[in-house]
Amino acid sequence: MATRKLTRVMAQVGMVMNLDKCIGCHTCSVTCKQAWTNRAGTEYVWFNNVETRPGQGYPRRYEDQERWRGGWVRTKSGGLRLRSGGRFQKLLSIFASPVQPELADYYEPWTYDYQNLISAPLGDDFPVARPKSLITGEDTKITWSANWDDSLGGSTATAELDPIVEKLRNEANEQIRMEYEKSFMFFLPRICEHCLNPSCMASCPSGAIYKRAEDGIVLVDQDRCRGWRQCITGCPYKKMYFNHRSGKAEKCTFCYPRIEVGLPTVCSETCVGRLRYLGIILYDPDAVTEAACADEKDLYEAQLDLMLDPYDPQVIALAREGGMPDDWIEAAQRSPIYALAKHFRVALPLHPEYRTMPMVWYIPPLSPVVDLLTKQGHDGEAAGNLFGAIDTLRIPVSYLAELFTAGDTQVVTGVLQKLAAMRSYMRGVTLGTGRDPELAAAVGMTPDALEQMYRLLAIAKYAERYVIPTAHREEAHNLEELACSLDYEDGPGMYESGPFGEASGRPVPVAIETYSALKERQRADTAASSEALQHRAGMLNWDANQETER
Amino acid sequence: MNAVDILLWGALPYVVALVLVGGLIWRYRYDQFGWTTRSSQLYESRLLRIGSPVFHYGLFVVLAGHLAGLFIPKAWTDLVISQETYHLIAFTAGTIAGVATLLGIVLLIYRRRTTGPVFLATTKNDKLMYVVLVAAIVFGMIATLTGSRTTAGMEVNYRETVSVWFRSLFIFQPDVAAMAGSTWQFKVHILVGLALFALVPFSRLVHAFTVPLHYLFRPYIVYRSRDVVVPTASRGRVRGWDPVGTLDRDRKTR
Ligand code: HEM
Ligand code: SF4
Ligand code: SF4
């Protein structure tokens, strides 16, 4: 593998989520929705969703690639091919996409007729707020949603349809039981993976989807998208959505306007469990395709191999040569993503077998194992029990392995043991029974490393969790403050419909907030004084510094 | 040949060409965001997956037939095959493709009318487009089936009238007389066709002008530098940011 000569170094933003800490509160989903998809046409769109596993996920059974045909497959000759077909095939079937999720696979978005609660005439019956479809405006019956099976609700009936449960049952003959004492669960928050080898991009006939050279964020050019919808089939994570109103594809933007000024994404900023980490990694773009062609079981290692050592002088030299600013290189060195994924090797990619080289990493949860132990009457935190259980409780481990390592239970076991060792070690520290170096040695780590990892996982502060270099737009930023919104006020874009129906007028740059101003305000000690920013409080930019208006 | 003939067959085609080209350029420059197929597959897939391919493939055969019939002079084909053979081939292929196109669009319109969300997402603009499009197809078939005889019963070969006129347009010496000598069926078909062309830039039909053939040649992974456009605070209404609850198509335009 390492035979290739390194000639280029690029940066990629990434995220790590520590699943043990996710309490499934959906704050991330809600704030993300408030910020980005609280619009007509995207009612059913969740750039961030939190699914309960075992469970079907969102959209339903998206992991069943036999059906949805997302991601890449390796050809007989060892190359890569889109699972949904080659370029000719795609063009020939473009008139109606052969594989395309319908609203029913997501859910029909709805609201309630709250007005009726206050306007109903006085009578004997309580007025009710009927659910109304946001698609048709008519009364509707709610039958599914983005997290219908939340916390295993109704899972005795539906969890059997989880593609991983199904696979384990059919291929490994492992039954996942849904009775309370025998079940386990955890939450899986998902955003777009901002893949290094994105199959959404490769599927786009128009070439409207691109990866930003500076930070690797994957975006859809809204002006170039023509609504062919091949990307929706192409993305195996189904994180590409169709805006049914504008007729364009949309996806998680990694909150790029915030990232550019050094603010964390909305989902990270608001995460109640503080389980998200943001940072950049340096990688070799010319090695990506080869890595994506690795054997299924080697994909995880291949993906780690793409991450370059940010202290390696050659890497630094090449990064500088490519124009990377020094603070970016420094950020890569302090990156929690690099630390958790590559240095400590506890963060794993989601479904590496899709071969898209996803860049959102997950620290698998130990809680299913602890829970099962506790339910069976053991001390779930004791080292001996825990280590034994990771080996004997096959089911949670094989389930996690299907999610994070293409079925390789060894890797998952390794990670869980590290986490277990850390827990037990720190329990010793807290209870005053001493630092047990053997625990560290048992998982191939030093006590120091174990404590370092503990600090990063348990107490890392804001600035350590989010190491985000800015986009160096100081000059542009000044322009931004100068730019007058009136420039657009009377443009044809002002109106919903131009003279020719829905489709005329000039596009306005997408923006919902002046992010640098927001950042300054958020970090300031005094109340915001800027006139221009008054009257602009929203749920997301409210900072307690602001005078409330009412 | 009278003033109306000159207006219709000598001037109108150029006006339509201007509207078409000018409209496409205008829309491309000012309304990239509105340039889309506006797919409705999210709402309904089953009928669309039959109707849309049947319609589009039928249409492409029809278009190819038009190009052959209009651009290749009769004198050339006469060297290879007889008028009878030519007519037979054109007539059968044309009718099959025409019927497929028509069936396709009938199915699409049926779907549009009967599937709630699809109907709700249909604008006035769409409706006008469907009327003109269906009219063009229907009159085209009428012309093919009955247009070879004038009301007085005289044989008229469109390749000696319509085609001659059509080619003459490109050298800017419109042969108005040739067209005026055609039958009413062809005349109506052509007028409706011109209306359709004029509508293309301003309706969803623009999608046909960005056929993504470059997909066959571009690299799979696209790197692009950050845009230099600076995000601006926008207080006005921004396209794509209408509040939840706004219907897919404004009632005004429906
Ligand atoms: C040459 C390339 C063309 C391509 C690739 C293409 C592709 C498409 C696609 C993807 C849709 C969306 C279907 C959906 O999901 O709802 C569509 C719809 C449509 N196209 Fe085309 N098209 C082409 C040419 C044309 C032409 C030349 C016409 C007519 C003059 C046309 C008329 C229509 C109509 C009327 C619809 C709406 C169908 C409906 O939903 O009722 N297309 N086309
Ligand atoms: S996860 Fe994101 S970048 Fe990866 S294929 Fe899907 S939409 Fe594209
Ligand atoms: S906000 Fe954090 S804790 Fe809550 S669901 Fe999202 S990721 Fe989990």
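### A closer look at the overall build of chain B
Here comes step 1: Each helix and strand in chain B was counted, giving nine helices and one strand.
Here comes step 2: The secondary structure elements of chain B, listed N-terminal to C-terminal, are α-α-α-α-α-α-α-α-α-β.
Here comes step 3: Seen through its principal axes, chain B has C-alpha atoms that stretch 65 × 40 × 40 Å.
Here comes step 4: Buried positions account for 46% of the 254 residues belonging to chain B.
Here comes step 5: Partitioning the contacts of chain B with sequence separation of at least 6, the portion at a separation of at least 24 is 81%.
Here comes step 6: Averaging the positions of the 26 positive and the 13 negative side-chain charges in chain B gives two centres separated by 12 Å.

### A look at the site of ligand 3
Here comes step 1: Surveying the vicinity of ligand 3 reveals 14 residues, the closest of which are Cys22, Cys25, His26, Cys28 and Cys271 of chain A.
Here comes step 2: For the shell around ligand 3, the class distribution of residues is nine nonpolar, four polar and one charged.

### Brief notes about the sheet that holds strand 1 (residues 223–224) of chain B
Within a sheet, each strand pairs with its neighbour through backbone hydrogen bonds, oriented either parallel or antiparallel.
Here comes step 1: Overall, mixed pairing links the three strands, which are arranged 9(A)-8(A)-1(B) in an open sheet. Each end of this open sheet is capped by a strand with a single partner; those strands are strand 9 (218–220) of chain A together with strand 1 of chain B.
Here comes step 2: Across two bridges, strand 8 (residues 209–212) of chain A lies against strand 1 of chain B in parallel orientation. Across the sheet, Arg212 of chain A pairs through a bridge with Arg224 of chain B, a residue of strand 1 of chain B.

### Quick look at the pattern of salt bridges
Residues and elements named next belong to chain A.
Here comes step 1: One pass over the full model with this rule turns up 32 salt bridges over all chains.
Here comes step 2: Ionic pairing is found between Glu250 and Arg39, a salt bridge with its closest N-O pair at 2.6 Å. Of this pair, Glu250 sits in strand 11 (residues 248–251) while Arg39 sits in the loop between helix 1 (27–37) and strand 2 (49–53), and the two are 211 residues apart along the sequence.
Here comes step 3: Since its relative accessible area comes to 5%, Arg39 is described here as buried.
Here comes step 4: Across the pair Asp215 and Arg212 runs a salt bridge, and its minimum N-O distance is 2.8 Å. Like Asp215, the residue Arg212 is buried in the burial classification.

### What about the site of ligand 2?
Here comes step 1: Lining the immediate environment of ligand 2, one finds Cys192, Glu193, His194, Cys195, Pro198, Ser199, Cys200, Val218, Cys235, Tyr237 and Lys251 of chain A.
Here comes step 2: Residues belonging to the shell around ligand 2 are distributed by class as follows: seven nonpolar, two polar and two charged.

### Focus on the coordination of the iron atom of ligand 1
Residues and elements named next belong to chain B.
Here comes step 1: Taken together, His56 (NE2) and His207 (NE2) make up the full set of protein donors to the iron atom of ligand 1, lying 2.0 Å away.
Here comes step 2: Classification of the site at the iron atom of ligand 1 as octahedral follows from its six donor atoms and the range of 86 to 179° in their angles at the metal. Taken as a pair, His56 in helix 2 (residues 46–71) and His207 in the loop between helix 9 (184–199) and strand 1 lie far apart in primary sequence, 151 residues in all. Neither residue differs from the other here; His56 and His207 are each classed as buried.

### Describing helix 6 (residues 124–146) of chain B
Residue and element names in this part refer to chain B.
Here comes step 1: Taking 1.5 Å as the rise per residue, helix 6 with 23 residues should run 33 Å; its terminal C-alpha atoms sit 32 Å apart, in good agreement.
Here comes step 2: Taken together, the buried positions of helix 6 are Asn125, Asp126, Met129, Tyr130, Val132, Leu133, Ala135, Ala136, Ile137, Gly140, Met141 and Ala143.
Here comes step 3: Where the residues of helix 6 are buried, they touch helix 2, helix 4 (83–114) and helix 9.

### Re the packing of aromatic side chains
Residue and element names in this part refer to chain A.
Here comes step 1: This structure, assessed with the given rule, holds 26 aromatic pairs over all chains.
Here comes step 2: Following the ring pairs from residue to residue traces out a cluster consisting of Tyr44, Phe47, Tyr58, Tyr106, Tyr107, Trp110 and Tyr241.
Here comes step 3: One residue, Arg190, lies across the ring of Tyr62, its end atom 3.8 Å from the ring centre.

### Focus: the sheet that holds strand 12 (residues 276–283) of chain A
Residues and elements named next belong to chain A.
Here comes step 1: Ordered in space as 12-1-14-13, the four strands form an open sheet in which the pairing is mixed. Of all strands in the sheet, those bounded by a partner on one side alone are strand 12 and strand 13 (348–349).
Here comes step 2: As paired elements, strand 13 and strand 14 (residues 360–363) share two bridges and run antiparallel to each other. Bridged to Pro349 within strand 14 is Trp361.

### Focus on a nonpolar patch on the surface
Residues and elements named next belong to chain B.
Here comes step 1: Judged by side-chain polarity, Leu67, Phe71, Ile72, Trp76 and Phe170 come together as a nonpolar surface patch covering roughly 550 Å² of accessible area.
Here comes step 2: With respect to the helices and strands, Trp76 occurs in helix 3 (residues 74–80).
Here comes step 3: Relative accessible area serves as the criterion here: at 57%, Trp76 is assigned to the exposed category.

### Side note on helix 19 (residues 409–431) of chain A
Residue and element names in this part refer to chain A.
Here comes step 1: Taking 1.5 Å of rise per residue, the 23 residues of helix 19 would be expected to cover 33 Å, and the 32 Å separating its terminal C-alpha atoms lies within 8% of that figure.
Here comes step 2: In this structure Asp408 caps helix 19, since a side-chain oxygen of it lies 3.0 Å from the backbone nitrogen of Gln410.
Here comes step 3: Phi turns positive one or two residues past the end of helix 19, at Gly432, with a value near 75°.

### What to know about the environment of Met15 of chain A
Here comes step 1: Note that Met15 of chain A resides in strand 1 (residues 10–18).
Here comes step 2: If sequence neighbours within four positions are ignored, Met15 of chain A has contacts with Ile191, Phe254, Thr265, Cys267, Ser268, Arg276, Tyr277, Leu278, Ile337, Met359, Val360 and Trp361 of chain A.

### Observations concerning the side chain of Arg245 of chain A
Here comes step 1: Structurally, the position occupied by Arg245 of chain A is in the loop between strand 10 (240–243) and strand 11.
Here comes step 2: Residue Arg245 of chain A is classed as buried on the basis of its relative accessible area of 10%.

### Here's the deal with the side chain of Gln56 of chain A
Residue and element names in this part refer to chain A.
Here comes step 1: For Gln56, the position within the fold is in the loop between strand 2 and helix 2 (65–68).
Here comes step 2: Polar side-chain contacts of Gln56 include one of 3.4 Å to the backbone oxygen of Thr158.
Here comes step 3: Not counting the four nearest positions on each side in its chain, Gln56 is found in contact with Arg61, Tyr62, Trp144, Asp149, Thr158, Leu161 and Asp162.

### Here we look at the nonpolar core
Here comes step 1: Counting residues in each nonpolar core, the largest one holds 167 residues, and the members touching the most others are Tyr44, Leu340 and Trp361 of chain A.
Here comes step 2: If one sorts the elements of this core by residue count, helix 19 of chain A sits on top with nine residues.
Here comes step 3: Apart from the residues within four sequence positions on either side, Leu340 of chain A is in contact with Val16, Tyr277, Arg345, Val346, Ala347, Ile363, Leu456 and Leu457 of chain A.
Here comes step 4: Counting residues in hydrophobic clusters, the runner-up holds 21 residues, among them Trp35, Tyr130, Val132 and Ala136 of chain B.

### Points about the packing of helix 6 of chain B against helix 9 of chain B
All names here are of chain B.
Here comes step 1: Across the interface, helix 6 lies against helix 9 with an axial gap of 8 Å and an inter-helix angle of 155°. It follows that helix 6 is roughly antiparallel to helix 9 by the angle criterion. Helix-helix and strand crossings are classified by hand; for helix 6 and helix 9 the assignment is left-handed. When helix 6 is examined against helix 9, the residues Leu128, Met129, Val132, Leu133, Ala135, Ala136, Phe139, Gly140, Ile142, Ala143 and Thr146 are found in contact with a partner set consisting of Gln185, Phe186, Val188, His189, Val192, Ala195, Leu196 and Leu199.

Conventions we followed
- Residues numbered from 1 in each chain as written.
- Chains lettered and ligands numbered in written order.
- Predicted model: local features only at pLDDT ≥ 70, side-chain atom pairs only at ≥ 80, totals over all residues.
- Heavy atoms only, no water.
- Helix = DSSP H or I, 4+ residues; strand = E, 2+ residues; numbered from the N terminus.
- Buried < 20%, exposed > 50% of the residue type's maximum accessible area, 1.4 Å probe, protein only.
- Contact = heavy atoms within 4.5 Å.
- Lys, Arg positive; Asp, Glu negative; His and termini not counted.
- Charge placed at Lys NZ, Arg CZ, Asp CG, Glu CD.
- Near = heavy atom within 4 Å.
- Nonpolar A, V, L, I, M, F, W, Y, C, P; charged D, E, K, R; others polar.
- Pairing = 2+ DSSP bridges.
- Salt bridge = Lys/Arg side-chain N within 4 Å of Asp/Glu carboxyl O.
- Donors = N, O, S within 2.8 Å, 3.2 Å for Na, K, Ca; no water.
- Tetrahedral: all angles 85-135°; square planar, octahedral: opposite > 155°, others 65-115°.
- Expected span 1.5 Å × (residues − 1).
- Phe/Tyr/Trp six-rings, centres within 6.5 Å; stacked < 30°, edge-to-face > 60°.
- Lys NZ or Arg CZ within 6 Å of the ring centre and 35° of its normal.
- Patch = residues over 30% accessible without salt bridge, like charges linked within 9 Å, V, L, I, M, F, W, Y side chains within 5 Å.
- Areas by Shrake-Rupley, 256 points an atom, 1.4 Å probe, with all protein chains shown as cover.
- Polar contact = N/O pair within 3.5 Å; in protein donor to acceptor, adjacent residues only side chain to side chain.
- Core = buried A, V, L, I, M, F, W, Y, C linked by side-chain atoms within 4.5 Å.
- Axes fitted to C-alpha atoms, helices over the stretch in contact; angles between N-to-C directions.
- Parallel < 35°, antiparallel > 145°, perpendicular 65-115°, else oblique.
- Left-handed = near helix turned anticlockwise from the far one by under 90°.

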